[in-house]
Amino acid sequence: MNGLNVGFVNDITIECETFKQRVKIMEKIGIKEIALRANVSTATVSYVLNGTRNVRPKTKERVLKVIEELNYRPNDIAKSLKSKRTNTIGVIAEDVTVFNVPEIIDGINEYAEKNDMHILLTNLRLQKKVGYDYANTDHYQKLAQDAVSTLLSKQVEGIIYIGVHPRDLTGLINTYEKPIVYTYCYAQNECSIQYNDEQASYDAIKYLVDKGHSRIAIISGLMDSIPSRLRFNGYYKALTEFQLPFDPQFIKVGDWGLDSGYHLTGELFKLQDPPTAILIMNDLMAAGAVRAASEQGIIVPRDLSIIGFDNREFSAYLSPRITTMDLPLHDMGILAMKALYNRINGKDDKTEETPLCKLIERESVAGPRPR
């Protein structure tokens, strides 16, 4: 069974068969009550409910009136057993407390609601359990596979897996041929929904160039990170396209934390000819940069322009409010659910949409001061 416990499967099968019998009994009781009150056969009630045969208008009206009086609703589970559809998908979130996850889930919910689908959410609480050691999948492979097995036992028709950090998760889980869509992470030969990091970084630099900046530094996250590499590619592409000087001293590698933004910005201030603008790869490091500038008497944006990434909520409450690249998290959720819905319904379109980031203009960017 490729890792799936046979006894576990047998127990689930027996439990499901018993449950089916109970559902059928409950369904019959409801239909009999309607038939008795409407003075028709149970077959007629079934025809009205399912629309399978023509029923005389007056009879149909009488049956529908009784259904309304009893506030009767056909049992969704019973219908799913007959159609072999549950209209339910599983969502595995690596950690719902990480900033990107809630908005993606909201997008999934929005599309699911519009298409009469339901979601079962599993939170792995990965950051609490393994910290930032995402590269070592051995530490959490069993945790993820157990979540898949639990969802499959609940008859989900497909799964969406939400990462806390973009990375390759090929081989992490086996969904036993159930369709799966990854978002904020990916697996080879599987559908994944990602945003365009390289384009976002390019757009940020173009915005600074349009403001008149030519000496632009960058503070990246850890370089073993896919977003860091892609955002650096966008930075370099923009410098090349706009024929700006590439100064290795302007390249700083941080660790995504506030303190690294603070210290690396301080290093840039010590250069003989410092930059007039900095692209910083997340808002947390940007907050550290603002603090470093304030302590040095450097006024943002008069003396130094700063652009962050992620559009974290706090970035709108700093002084000055941070101009930042907004990640299309809600759209990623919608597109992930749309892709899974299409696969479940046999529309296996291999085209994967890539939503774009959007610049949020606030108060941390201005034109460079005359030298």
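## Quick look at the packing of aromatic side chains
(1) Moving on: Taken as a whole, this structure holds six aromatic pairs when the rule is applied.
(2) Moving on: Residues Y161 and Y182 carry aromatic rings whose centres are separated by 5.8 Å and whose planes lie at 45 degrees to one another, so their mutual orientation is tilted. Here Y182 lies in strand β4 (residues 180–183) and Y161 lies in strand β3 (residues 159–162), a separation of 21 residues in the sequence. In this structure, Y161 and Y182 share a single accessibility class: buried.
(3) Moving on: Taking 5.4 Å as the distance between ring centres and 85 degrees as the angle between the ring planes, the aromatic pair formed by Y236 and F246 counts as edge-to-face. Taken as a pair, Y236 in helix α9 (residues 226–241) and F246 in the loop between α9 and β7 (251–253) lie far apart in primary sequence, 10 residues in all.
(4) Moving on: For Y236, a relative accessible area of 42% translates into the label partly exposed.
(5) Moving on: It is R231 that lies over the ring of F309; its NZ or CZ is 4.0 Å from the centre.
(6) Moving on: A cation over an aromatic ring shows up here: K237 above the ring of Y202, its NZ or CZ 5.3 Å from the ring centre.

## What to know about the sheet that holds strand β9 (residues 305–310)
(1) Moving on: Taken together, six strands build an open sheet; the order of strands is β7-β6-β8-β9-β10-β11 and the sheet is mixed. Across the chains shown, the open sheet's two edge strands, defined by having one partner strand only, are β7 and β11 (358–360). Looking at each pair of strands side by side, their axes are set apart by 20 degrees on average, direction ignored.
(2) Moving on: Relative to strand β10 (residues 323–326), β9 runs parallel, the two being bridged by four bridges. Of the residues in β10, the one forming a bridge with D310 is D326.
(3) Moving on: Lying over the sheet, helix α8 (residues 197–210) contacts β6 (216–220), β8 (277–280), β9, β10 and β11, oriented at roughly 160 degrees with respect to β9.

## Quick look at the side chain of S364
(1) Moving on: Within the fold, S364 resides in the segment after β11.
(2) Moving on: Within the structure, the side chain of S364 is placed 2.8 Å from the backbone nitrogen of T323, a separation counted as a polar contact.
(3) Moving on: Among all residues touching S364, those that are not within four sequence positions of it are V300, P301, L304, S305, I306, P320, R321, I322 and T323.

Reading the values: rules and limits
Residues numbered from 1 in each chain as written. Predicted model: local features only at pLDDT ≥ 70, side-chain atom pairs only at ≥ 80, totals over all residues. Heavy atoms only, no water. Phe/Tyr/Trp six-rings, centres within 6.5 Å; stacked < 30°, edge-to-face > 60°. Helix = DSSP H or I, 4+ residues; strand = E, 2+ residues; numbered from the N terminus. Buried < 20%, exposed > 50% of the residue type's maximum accessible area, 1.4 Å probe, protein only. Lys NZ or Arg CZ within 6 Å of the ring centre and 35° of its normal. Pairing = 2+ DSSP bridges. Axes fitted to C-alpha atoms, helices over the stretch in contact; angles between N-to-C directions. Contact = heavy atoms within 4.5 Å. Polar contact = N/O pair within 3.5 Å; in protein donor to acceptor, adjacent residues only side chain to side chain.

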